[in-house]
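Analysis of the macromolecular model
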Amino acid sequence: MLNFLPAPLIAILSFCFYTLNTVFWVIPIVVFSLLKAIIPLSFFQKVLSYLLDLMASNWVAINTLNQKLFTKMNLQITGLEGLNKRDWYLVLANHQSWVDILVLQRILHGEIPFLKFFLKKELIYVPILGLAWWALDFPFMKRYSQAFLKKNPHLRGKDLETTRKACEKFKHKPVSVMSFIEGTRFTQVKHGKQNSPYNHLLKPKAGGVAFVLDAMGEYLTTIVDVTIYYPDGIPSFGDFLCGRVKNVHIEIHTQKISHELNGDYANDRAHKIAFQKWLMQFWHDKDVRLDKMQQTAKSIER
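For the structure given in this document, a descriptive report is provided here.

How each quantity is defined
- Residues numbered from 1 in each chain as written.
- Predicted model: local features only at pLDDT ≥ 70, side-chain atom pairs only at ≥ 80, totals over all residues.
- Heavy atoms only, no water.
- Helix = DSSP H or I, 4+ residues; strand = E, 2+ residues; numbered from the N terminus.
- Rg over C-alpha atoms; globule rule 2.2 N^0.38 Å.
- Contact = heavy atoms within 4.5 Å.
- Areas by Shrake-Rupley, 256 points an atom, 1.4 Å probe, with all protein chains shown as cover.
- Lys, Arg positive; Asp, Glu negative; His and termini not counted.
- Charge placed at Lys NZ, Arg CZ, Asp CG, Glu CD.
- Salt bridge = Lys/Arg side-chain N within 4 Å of Asp/Glu carboxyl O.
- Buried < 20%, exposed > 50% of the residue type's maximum accessible area, 1.4 Å probe, protein only.
- Expected span 1.5 Å × (residues − 1).
- Pairing = 2+ DSSP bridges.
- Core = buried A, V, L, I, M, F, W, Y, C linked by side-chain atoms within 4.5 Å.
- Polar contact = N/O pair within 3.5 Å; in protein donor to acceptor, adjacent residues only side chain to side chain.
- Axes fitted to C-alpha atoms, helices over the stretch in contact; angles between N-to-C directions.
- Parallel < 35°, antiparallel > 145°, perpendicular 65-115°, else oblique.
- Nonpolar A, V, L, I, M, F, W, Y, C, P; charged D, E, K, R; others polar.

Here the focus is the overall build of the protein chain. Secondary structure assignment for the protein chain yields 10 helices and 8 strands. A globule of 302 residues ought to have a C-alpha radius of gyration of about 19 Å, and the protein chain, at 20 Å, matches this closely. Across the protein chain, contacts joining residues at least 24 apart in sequence account for 74% of those joining residues at least 6 apart. Carbon and sulfur atoms provide 60% of the accessible area of the protein chain, an area that totals close to 15800 Å². Separation between the mean location of the 37 positive side-chain charges and that of the 24 negative ones in the protein chain comes to 5 Å.

Here it is, written out as structure tokens:
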């Protein structure tokens, strides 16, 4: 443990280690993904897919070692029991910080198949990481607003088609599809602008999750509901690099995906209303859970 070092030095060293680890794995990941693209042999592509996920898994494992080396972070986790690497999962979590991603990768590594995040299309341009995400078949989503679709009706349904194509790659081996259904990180400013009915959450966006279930409903079996709480306040990525994130509480709950959650969200109004009702209740339960986690942390402080 090197957490005794000054925070600025910890930030520099850990950032350098993250960068070196990422560059080290990105190169073979990109090379193997290009081979996978140009050699259209089914068996060969399946083998390469497993190798690519193994490389990505090693990247996460070394990132975790980096965290343990520079950060004395106390992770309180409940609910990991019963997860395995042979199932298809839909992972849903609240989103407060870039740190969420590192926490999720760390706690779920080796417990479920490698996490594939649904990302905004613009994130493909992030240096180094954008290339790695592309090579690892992370689905990049382009969502159109209702106002845009009114002006361009020929593009209606295009976002669902894109989601389906992205998910096609996940049907041949177990995968964990990850989605932050708030669509953006929580801040009090965003919370106020939305007039969110939840105390700790932004309003959930039903479309993305519904599209994933529509595209992969026959394969996805279980929802992994992850609730992340930072008792010392929501950290920035800079706080994380400096080793200032001391405590993270995580609760994991699972539920089987019922047939009622699968349907034509875009065109079946009855299904759309029912799905939104289910999601609102799902999100309300998470908000209540965060309330309890906050109260428990405060009582311990006293």
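There's plenty left to go through after this.
Side chains that carry opposite charge are capable of pairing whenever their charged atoms lie near each other. Using the criterion set out here, one finds 5 salt bridges in the structure. In this structure, Asp225 and Arg289 form a salt bridge, with 2.9 Å as the shortest nitrogen-oxygen distance. In this pair, Asp225 sits in strand β7 (residues 222-229) while Arg289 sits in helix α10 (residues 269-301), placing the two residues 64 residues apart along the sequence. For Asp225, a relative accessible area of 4% translates into the label buried.

Looking now at helix α1 (residues 7-38). In an α-helix, one full turn covers 3.6 residues, which means residues spaced three or four apart are oriented alike. The terminal C-alpha atoms of α1 lie 46 Å apart, and with 32 residues this matches the ideal 46 Å at 1.5 Å per residue to within 8%. By the burial criterion, the buried members of α1 are Ile10, Ala11, Ser14, Tyr18, Asn21, Thr22, Trp25, Val26, Ile29, Val30, Ser33 and Lys36. Here the buried face of α1 lies against α2 (42-70), α4 (129-135) and α9 (237-241).

Counting buried residues in strand β2 (residues 89-93) gives 5 out of 5 residues, a clear majority hidden from the surface. Judged by which residues are buried, β2 turns out to be covered on both faces: Tyr89, Val91 and Ala93 on one side and Leu90 and Leu92 on the other are all buried. Note: β2 against β7, 5 bridges, orientation parallel. Each residue of the ladder has a partner; that of Leu92, found in β7, is Asp225.

Glancing now at the nonpolar core. With 47 residues, the main nonpolar core has Val91, Leu104, Leu108 and Val226 as its most contacted residues. At 7 residues, helix α3 (residues 99-108) tops the list of elements feeding residues into this core. Ignoring anything within four residues of it in the chain, the contact list for Val226 reads Val91, Leu92, Ala93, Asn94, Leu104, Ile107, Ile250, Glu251, Ile252 and Lys286. With 33 residues, the next largest nonpolar core counts Leu90, Phe118, Tyr265 and Ala297 among its residues.

So, about the environment of Glu182. Position of Glu182 relative to the elements: it lies in the loop between β6 (176-179) and α7 (188-194). Given the relative accessible area of 1%, Glu182 is considered buried. For the pair Glu182 and Leu75, spaced 107 residues apart in sequence, the C-alpha separation works out to 24 Å. In contact with Glu182, other than residues within four places in its own chain, are Asn94, His95, Leu201, Leu202, Lys203, Lys205 and Trp283. Within the structure, the side chain of Glu182 is placed 2.8 Å from the backbone nitrogen of His95, a separation counted as a polar contact. Here the side chain of Glu182 touches Leu202 through a polar contact of 2.7 Å, landing on its backbone nitrogen.

Tracing the chain through its elements places Gln105 in helix α3. Look past the residues within four positions of Gln105 in its chain and what remains in contact with it is Trp59, Val60, Leu115 and Phe117.

This next bit is on the sheet that holds β6. Strand order in the open sheet made by the 6 strands is β1-β8-β7-β2-β6-β3, with mixed pairing throughout. The sheet is open, and its two edges are formed by β1 (74-78) and β3 (115-117), each paired on a single side. Recorded for the sheet is a direction-independent mean angle of 25 degrees between the axes of neighbouring strands. Relative to β6, β3 is paired through 3 bridges, and the arrangement is parallel. Bridging across to β6, Lys116 finds its partner in Val177.

A few words now on the packing of α1 against α2. α2 packs onto α1 with a crossing angle of 175 degrees between their chain directions and a minimal axis gap of 10 Å. With respect to their mutual orientation, α1 and α2 come out roughly antiparallel. Of the residues contributing to the contact of α1 with α2, the split by class is 19 nonpolar, 10 polar and 1 charged.

Distances and angles like these do not, on their own, reveal function.
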